[in-house]
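Residue strings, one per chain:
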Amino acid sequence: LMNPSLILLDEPTSGLDATAALVLINVLQNLAETEGRALCASIHQPSFRIYDKLDSLLLLSGGRVLYRGWASAEFVTSYLSTNYQ
């Protein structure tokens, strides 16, 4: 594939230390912004510094969607505490 508009990444930060994972996310974010790419990645337990760079979030549990939308930590926490008690 040459010049794809969508890039799917399965756990791109797995096996990396916190600094290398953040560098990778910065590179991917720059690619998305400068090259107009859409990125979709599965990231298990991202650090706050990585989570803070996310634009949107799809949160799954047991194969069901718990949340899909804006990745603001405050908003997601509020949404989950209101809708899933």
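Notes on the structure in this doc start here.

Rules of the game
- Residues numbered from 1 in each chain as written.
- Predicted model: local features only at pLDDT ≥ 70, side-chain atom pairs only at ≥ 80, totals over all residues.
- Heavy atoms only, no water.
- Helix = DSSP H or I, 4+ residues; strand = E, 2+ residues; numbered from the N terminus.
- Buried < 20%, exposed > 50% of the residue type's maximum accessible area, 1.4 Å probe, protein only.
- Contact = heavy atoms within 4.5 Å.
- Areas by Shrake-Rupley, 256 points an atom, 1.4 Å probe, with all protein chains shown as cover.
- Lys, Arg positive; Asp, Glu negative; His and termini not counted.
- Charge placed at Lys NZ, Arg CZ, Asp CG, Glu CD.
- Pairing = 2+ DSSP bridges.
- Patch = residues over 30% accessible without salt bridge, like charges linked within 9 Å, V, L, I, M, F, W, Y side chains within 5 Å.
- Salt bridge = Lys/Arg side-chain N within 4 Å of Asp/Glu carboxyl O.
- Polar contact = N/O pair within 3.5 Å; in protein donor to acceptor, adjacent residues only side chain to side chain.

## So, the overall build of the protein
Secondary structure assignment for the protein yields three helices and four strands. Overall, the protein is about 45 × 25 × 25 Å in size when its C-alpha atoms are taken along their principal axes. Scored against the burial criterion, the 85 residues of the protein give a buried share of 18%. Sequence-distant contacts in the protein: of pairs separated by 6 or more residues, those separated by 24 or more amount to 43%. As presented, the protein carries roughly 6,500 Å² of accessible surface, and 55% of it is formed by carbon and sulfur atoms. Where the 5 positive side-chain charges of the protein centre and where its 8 negative ones centre are 6 Å apart.

## Observations regarding the pairing of strand E3 (residues 56-61)
Two faces make up the sheet, and in a regular strand the side chains alternate between them. Relative to strand E4 (residues 64-70), E3 runs antiparallel, the two sharing six bridges. If you follow Leu-60 over to E4, its bridge partner there is Val-65. Hairpin connection, E3 to E4: the antiparallel pair is bridged by two residues, and Gly-62 has positive phi, about 60°.

## Observations regarding a nonpolar patch on the surface
A cluster of nonpolar residues, Leu-58, Leu-60 and Val-65, forms a patch on the protein surface that exposes about 290 Å² of accessible area. Following the sequence through the fold, Val-65 ends up in strand E4.

## Here we look at unusual backbone geometry
One non-glycine residue, Asn-3, adopts positive backbone phi at about 60°. For Asn-3, the position within the fold is in the segment before strand E1 (6-10). On the basis of relative accessibility, which here comes to 56%, the residue Asn-3 falls in the exposed class. The phi dihedral of Gln-45 is positive, around 50°, even though this residue is not glycine. Here Gln-45 shows up in the loop between strand E2 (38-42) and helix H2 (48-51).

## Brief notes about the side chain of Arg-37
One can find Arg-37 in the loop between helix H1 (18-35) and E2. Only 3.1 Å separates the side chain of Arg-37 from the backbone oxygen of Glu-35, close enough to count as a polar contact. If near-sequence neighbours (up to four positions away) are discounted, Arg-37 is found in contact with Asn-3, Pro-4, Ser-5, Ile-7, Leu-31 and Ala-32.

The analysis is restricted to geometry; functional conclusions fall outside its scope.
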